[in-house]
Amino acid sequence: MSGRATSTPGGKPPLYKIVMLGDSGVGKTSLVARLTNPDRPLNHDISATMGIEFDTQMLDTPQGKVKAQIWDTAGQERFARVLLPTYFRKAKGVILVYDITNAKSFESLSERWMAQLNDHSNADDLAKLLVGNKSDLEGSREVTQEKASAFCQEYGMEFLETSAKSGDNVLQAFEKLIGIVHDRALNAQSKSKGGGSQTGLKGVAGANKEDGAEPDIVKLEDGGASGGADASACGC
Ligand code: G3D
Ligand code: MG
């Protein structure tokens, strides 16, 4: 309730790493592109993402502004196996994406992505959001909202349908997840009464330095704080 809007020294908004997960082609890259550059029409030339990249975006939460560092990867297992530990390291939230016109992409969440989440992260510590993308293609729907809601109940997460094409619910989805992440961080902070989680990882725009500490909040260096992806920091 009385949580402060910012929790890093110097009043900078806290930065949280969140990751996109889901099959290739469901629209992960398009969702991130729509969020970070909302006026851009959907780019039909977006090629399958290779490896890992991330982008940062300032977002509003009921508790104030925070910065999301959004990691996006190829939905190909061949890459995922090698890169998943790096991908998940220090992540605070995950958006699980499927395509509402593709039942297989929904089944992959329980058959593949949830298992990988459990293998490579402490899944209970991650805030999770289920996103059914391509809601503009209602006529080709293969996954009902009831099915998606049942999945959410089973795994304990919230759910939104989005369209990266029209922009519908895209900002809301990212704000919803980052709001949950921020609430958790503030709660943890107030529980530890001003203890541990102030430890920023200075000057690192990817949380990939050798582990000394596992900060809840990762600080971007000043020069890297305004939005450009810096794939060089992914360590891959
Ligand atoms: P990925 O990053 O999950 O692999 P992409 O998926 O973002 O590369 O998107 C895969 C394809 O789906 C792209 O089409 C993209 O334009 C399309 N797409 C993404 N989101 C939506 C959406 O909300 N609605 C519709 N109708 N299409 C979407 P192409 O034709 O380039 O393969
Ligand atoms: Mg992609």
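For the structure given in this document, a descriptive report is provided here. (Residues numbered from 1 in each chain as written. Chains lettered and ligands numbered in written order. Predicted model: local features only at pLDDT ≥ 70, side-chain atom pairs only at ≥ 80, totals over all residues. Heavy atoms only, no water.)

### Some details on the sheet that holds strand β6 (residues 158-161)
By way of backbone hydrogen bonds, the strands of a sheet pair with one another, either parallel or antiparallel. Sheet architecture is open: six strands sit in the order β2-β3-β1-β4-β5-β6, paired in mixed fashion. Taken across any chain shown, the strands that pair with only one partner, and hence form the sheet edges, are β2 (52-61) and β6. For this sheet, the mean angle separating the axes of adjacent strands, direction not counted, is 25 degrees. Across four bridges, strand β1 (residues 15-21) lies against strand β4 (residues 93-99) in parallel orientation. Each residue of the ladder has a partner; that of Ile-18, found in β4, is Gly-93. Packing against the sheet, helix α1 (residues 28-36) makes contact with β1, β2, β3 (64-73), β4 and β5 (127-133), and its axis sits at approximately 45 degrees to β2. In the packing of helix α4 (residues 145-155) onto the sheet, contacts are made with β4, β5 and β6, and the angle to β6 comes to roughly 155 degrees. (Pairing = 2+ DSSP bridges. Helix = DSSP H or I, 4+ residues; strand = E, 2+ residues; numbered from the N terminus. Axes fitted to C-alpha atoms, helices over the stretch in contact; angles between N-to-C directions. Contact = heavy atoms within 4.5 Å.)

### Comments concerning the site of ligand 1
Looking at ligand 1, there are 18 residues lining it, with Gly-25, Lys-28, Ser-30, Asp-136 and Ala-164 nearest. Ala-164 is positioned with one of its backbone polar atoms (N or O) 2.8 Å from an oxygen atom of ligand 1. Burial of ligand 1 by the protein amounts to 81% of the accessible area it has alone, namely 650 Å². Per element, the largest residue contribution to the shell around ligand 1 is three residues, and it comes from α1. Grouping the amino acids of the shell around ligand 1 by side-chain chemistry returns five nonpolar, eight polar and five charged. (Near = heavy atom within 4 Å. Polar contact = N/O pair within 3.5 Å; in protein donor to acceptor, adjacent residues only side chain to side chain. Areas by Shrake-Rupley, 256 points an atom, 1.4 Å probe, with all protein chains shown as cover. Nonpolar A, V, L, I, M, F, W, Y, C, P; charged D, E, K, R; others polar.)

### Regarding the nonpolar core
Membership of the largest hydrophobic core comes to 53 residues, with the highest contact counts inside it found for Met-20, Leu-21, Leu-96, Tyr-98, Leu-130 and Phe-174. No other element matches helix α5 (residues 170-191), which puts seven residues into this core. Once you skip the residues sitting within four places of it in the chain, Leu-96 turns out to touch Leu-21, Leu-109, Trp-113, Met-114, Leu-129, Leu-130, Val-131 and Met-157. (Core = buried A, V, L, I, M, F, W, Y, C linked by side-chain atoms within 4.5 Å. Buried < 20%, exposed > 50% of the residue type's maximum accessible area, 1.4 Å probe, protein only.)

### Topic: the pattern of salt bridges
Within this structure, the stated rule accounts for five salt bridges. For Asp-99, the salt bridge goes to Lys-134, with nearest N and O atoms at 3.3 Å. Taken together, the positions of Asp-99 in strand β4 and Lys-134 in the loop between β5 and α4 put the pair 35 residues apart, joining distant regions of the chain. The class of Lys-134 is partly exposed, set by a relative accessible area of 23%. A salt bridge links Arg-141 to Glu-161, with the shortest nitrogen-to-oxygen separation between them at 2.8 Å. Pair noted here: Arg-141 is in the loop between β5 and α4 and Glu-161 is in strand β6, with a separation of 20 residues, a long-range link. One connected set of salt bridges, linked through shared partners, spans Glu-138, Arg-141 and Glu-161. (Salt bridge = Lys/Arg side-chain N within 4 Å of Asp/Glu carboxyl O.)

### As for the pairing of β5
Counted residue by residue, β5 has seven buried out of seven residues, so it is predominantly covered. By the alternation rule, side chains of β5 split into Ala-127, Leu-129, Val-131 and Asn-133 and Lys-128, Leu-130 and Gly-132, which are all buried. Where β4 meets β5, seven bridges bridge the pair, whose relative direction is parallel. Its bridge partner lying in β5, Leu-96 is registered against Leu-130. Taking the sense of rotation as the criterion, the β-α-β connection linking β4, helix α3 (residues 103-120) and β5 turns out right-handed. Two elements, β5 and β6, share four bridges in a ladder whose sense is parallel. The partner of Gly-132 across the bridge, within β6, is Glu-161. (Right-handed = clockwise from strand over helix to strand, strands pointing away.)

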